[in-house]
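The lines below spell out each chain.
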Amino acid sequence: MTSIQWKQTAPTATTELIDITSSAWKRDPFPTYARLRVEQPVCQVKAGRLNAWLVTRYDDAVAVLKDDERFVKNRRQVQTEEQSAKRGWMPAFLRPLEKNMLYVDGPDHARLRSLVHKAFTPQRIEEMQGRVHAVANQLIDEMQTKRTIDLLNDFALPLPLTVIADLLGIPTADRGRFSRWTKEIIKPPSTKSLFQMVPATWFFMRYLRQLFEARRTEPRDDLLTALLQAEEAGDRLSEDELLAMVFVLIVAGHETTMNLIASGMLALLEHPDQLEHLRKEPELIKSTVEELLRFTNPVETTTERFAAEDVTLAGAEIKRGELVLVALASANRDEQIFDNPDKLDITRPKNRHLAFGQGVHYCVGAPLARLEGSIAINLLVQRLPNLQLAVPADKLKWRATQIVRGLDSLPVTF
């Protein structure tokens, strides 16, 4: 489908750009997205401290995601010193974390991705099925002993955290520290959380380096050992690349699933007809998860891309080095692609959503997220037939974050 060319007016000094990282925006961005798709399909917004171009239409989104020559991940290759300076200072110890699949292009990306595929095999994911069932059932058992339940922090967060820790081979004795550090790292950005996030990240990185050394001495049947063995087999995975890869797998590997479970259950609770349909026909869980991915958008925008040259897209003139974000949440509600896009339909056919991206940077953890989401949501629906919100939906708080879209908590009763 050809994108409509829209004459776009550059923002003036008095124009206040939408901040797509604010809590107010995260609550319900969809009406604004619908307007932007018609009026300004590619527009400038604020993403925290940075200005960015936001791509809102499905076809434009796919075009950008598949064009890894004009829209690149490595900003250092295309940005001027002035553009780079706007990002602010980064502590030197954090710079190794940029050496991951989310920040590189071409052969470097292909090499890192192939290493993950060698270690993150479909067989390994399939073997996790029993463990995911066991952890989810245990968490539900524990929730049933409490009077006040937070479905996000009591279930949706600890489930994927436990699974990724199992997958990597984090020792049981270290799970408490692992959980504390991870929670500090993913907190919404603020002055207070920054002071907590920086030391947590430093301790976490130091711990991972020590764990690498332990696995080199005593290999085990876990993902971490598999990545190390791939390095030793001559794939030239440096220590910094290994650190960055494991860090991304840990943080990105659980946050998407956490938001899928929590936001997905909220959507079902707000659409009792769909919830009852799933309860009566649990075999619909796969199509339900696909629809919840499309409808709730656990990842609202893609990770950063940068124009490698001056580009005109849907009438917007994007200069070399400027930040470009693809609004997956908008593309997944595009009325040119989806019938009744604002309707939750767990039987929706041909659901071509972009929740995991598209192109060479398609999310490598998608199979695990789907597995965890399917098991978790089905168990909650079947085991807790009287589950309902403990507060009105409009009182729920959404986290002020970049990229992801998720709740701060989800109080429920049953």
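Nothing here was measured: the structure is a model prediction, and the numbers come from that model.

Chemist: Just checking my understanding: could you explain the overall build of the protein for this structure?
Modeler: Across its full length, the protein carries 17 helices and 10 strands. Expected size for 414 residues packed as a compact globule is a radius of gyration near 22 Å; at 21 Å, the protein falls within 12% of this value. Considering only C-alpha atoms, the protein reaches an extent of 55 × 55 × 40 Å along its principal axes. Taken as a whole, the protein presents about 18,900 Å² of accessible surface, with 52% of it coming from carbon and sulfur. Of the side-chain charges in the protein, 54 are positive and 55 negative, and the distance between the mean point of each set is 3 Å.

Chemist: It is not clear to me how the nonpolar core should be interpreted in this structure. Could you clarify?
Modeler: Soluble, globular proteins show a tendency: their nonpolar side chains are buried together. Grouped together as the largest cluster of nonpolar side chains are 90 residues, with contacts concentrated most on F155, L159 and L268. Among the elements that take part in this core, helix α13 (residues 239-270) stands out by supplying 17 residues, more than any other. The contacts of L268, once residues within four sequence positions are left out, are Q274, L275, L278, L292, L344, I346, I377 and V381. By size, the runner-up hydrophobic cluster in this structure holds 23 residues, among which are W53, V55, Y58 and L65.

Chemist: Which parts of the structure should I look at to understand the packing of α13 against helix α15 (residues 285-296)?
Modeler: Packed helix pairs are specified by the crossing angle of their axes together with the interaxial distance, meaning the distance between the axes. One can describe the packing of α13 onto α15 by two numbers: an axis separation of 10 Å at closest approach and a directional angle of 90°. Put simply, α13 runs roughly perpendicular to α15. Facing L260, S263, G264, A267 and L268 of α13, the residues of α15 in contact are V289, L292, L293, F295 and T296.

Chemist: Would you mind going over the sheet that holds strand β4 (residues 149-150) with me for this structure?
Modeler: With antiparallel pairing, the 3 strands of this open sheet are ordered in space as β4-β10-β9. On the outer flanks of this sheet lie β4 and β9 (388-389), each paired with one strand and no other. Sheet analysis places β4 next to strand β10 (residues 411-413), joined by 2 bridges and oriented antiparallel. Its bridge partner lying in β10, I149 is registered against V412.

Chemist: I keep staring at unusual backbone geometry and nothing clicks. Help me out?
Modeler: Negative phi values dominate among residues other than glycine, just as trans dominates among peptide bonds. Phi at N297 is positive, roughly 55°, even though this residue is not glycine. Among the secondary structure elements, N297 is positioned in the loop between α15 and β5 (305-307). A positive phi angle, close to 75°, is found at I403, a residue other than glycine. Among the secondary structure elements, I403 is positioned in the loop between β9 and β10.

Chemist: Explanation requested: the confidence of the model for the protein in the structure shown.
Modeler: Caution is warranted with low-pLDDT regions, since their predicted coordinates should not be read in detail. Of the residues in the protein, 91% reach a pLDDT of 70 or more, and the chain-wide mean stands at 88. Contacts of residues 1-14 to residues separated by more than four positions or lying in other chains number 24 contacts, the stretch itself having pLDDT below 50.

Chemist: What exactly am I supposed to notice about helix α9 (residues 158-168) here?
Modeler: Think of an α-helix as 3.6 residues a turn; residues three or four steps apart then line up on the same face. By the criterion of burial, α9 is predominantly enclosed, with 9 of the 11 residues buried. Within α9, the full set of buried residues consists of P158, L159, P160, L161, V163, I164, A165, L167 and L168.

Chemist: Looking at this structure, how should I read helix α3 (residues 58-66)?
Modeler: Of all the residues in α3, the buried ones are Y58, D60, A61, V62, V64 and L65. Taken together, the buried residues of α3 touch β2 (50-55), β3 (71-72), β5, β6 (311-313), β8 (323-326) and α16 (328-331).

Chemist: Looking at this structure, how should I read the packing of aromatic side chains?
Modeler: Geometry of an aromatic ring pair is reported as the spacing of the ring centres plus the angle between the planes. Considering all chains together, one arrives at 8 aromatic pairs under this definition. Residues W202 and F203 carry aromatic rings whose centres are separated by 5.2 Å and whose planes lie at 80° to one another, so their mutual orientation is edge-to-face. With relative accessibility at 39%, the residue W202 sits in the partly exposed group. Among the residues examined, F203 registers a relative accessible area of 36% and is labelled partly exposed. Where F356 meets Y362, the ring centres are 6.3 Å apart and the plane angle is 65°; that geometry is what we call edge-to-face. Taking the relative accessible area as the measure of exposure, F356 reaches 6% and is therefore buried. An aromatic cluster of at least three residues, connected via ring pairs, comprises F178, W181, F204, Y207 and F247.

Chemist: What should I look at first to understand the side chain of Q83 in this one?
Modeler: Relative to the helices and strands, Q83 resides in helix α4 (residues 81-85). For Q83, the side chain forms a polar contact with the main-chain nitrogen of T80, separated by 2.9 Å. In this structure Q83 touches V78, R320, G321 and E322, once residues within four positions along its chain are discounted.

Chemist: Is there a simple way to think about the pattern of salt bridges in this case?
Modeler: Oppositely charged side chains can form a pair if their charged atoms are brought close together. Taken as a whole and assessed by the stated rule, the structure comprises 21 salt bridges. Across the pair E239 and R209 runs a salt bridge, and its minimum N-O distance is 3.6 Å. Remark: R209 occurs in helix α11 (residues 191-217) and E239 occurs in helix α13; sequence separation between them is 30 residues. We classify R209 as partly exposed; its relative accessible area is 29%. Three or more residues joined by partner-sharing salt bridges are found here, namely R209, E213, R216, E239 and D240.

Chemist: Is there a simple way to explain the packing of α9 against helix α17 (residues 366-383) in this structure?
Modeler: With their axes 11 Å apart at the nearest point, α9 and α17 run at an angle of 135° to one another. Relative to α17, the element α9 is oriented oblique. Every pair of crossing elements has a handedness; the one defined by α9 and α17 is right-handed. Contact residues: L159, P160, V163 and L167 in α9; L368, E372 and A376 in α17. Of the residues that constitute the contact of α9 with α17, the class distribution is 6 nonpolar, no polar and 1 charged.

Chemist: Sorry if this is basic, but what is going on with the sheet that holds β8 here?
Modeler: Sheet strands pair via backbone hydrogen bonds, and the direction of the pair is either parallel or antiparallel. With mixed pairing, 5 strands are arranged side by side in an open sheet as β1-β2-β8-β5-β3. Both outer strands of the open sheet, β1 (42-47) and β3, are each paired with one neighbouring strand and no more. Here β2 pairs with β8 via 3 bridges, running parallel. Residue V55 lies in a different strand from β8, and its bridge partner there is V326. Contacts from α3 reach β2, β3, β5 and β8 within the one sheet, and its direction differs from that of β8 by about 125°.

Scoring rules and cut-offs
- Residues numbered from 1 in each chain as written.
- Predicted model: local features only at pLDDT ≥ 70, side-chain atom pairs only at ≥ 80, totals over all residues.
- Heavy atoms only, no water.
- Helix = DSSP H or I, 4+ residues; strand = E, 2+ residues; numbered from the N terminus.
- Rg over C-alpha atoms; globule rule 2.2 N^0.38 Å.
- Areas by Shrake-Rupley, 256 points an atom, 1.4 Å probe, with all protein chains shown as cover.
- Lys, Arg positive; Asp, Glu negative; His and termini not counted.
- Charge placed at Lys NZ, Arg CZ, Asp CG, Glu CD.
- Core = buried A, V, L, I, M, F, W, Y, C linked by side-chain atoms within 4.5 Å.
- Buried < 20%, exposed > 50% of the residue type's maximum accessible area, 1.4 Å probe, protein only.
- Contact = heavy atoms within 4.5 Å.
- Axes fitted to C-alpha atoms, helices over the stretch in contact; angles between N-to-C directions.
- Parallel < 35°, antiparallel > 145°, perpendicular 65-115°, else oblique.
- Pairing = 2+ DSSP bridges.
- pLDDT = per-residue confidence, 0-100.
- Phe/Tyr/Trp six-rings, centres within 6.5 Å; stacked < 30°, edge-to-face > 60°.
- Polar contact = N/O pair within 3.5 Å; in protein donor to acceptor, adjacent residues only side chain to side chain.
- Salt bridge = Lys/Arg side-chain N within 4 Å of Asp/Glu carboxyl O.
- Left-handed = near helix turned anticlockwise from the far one by under 90°.
- Nonpolar A, V, L, I, M, F, W, Y, C, P; charged D, E, K, R; others polar.

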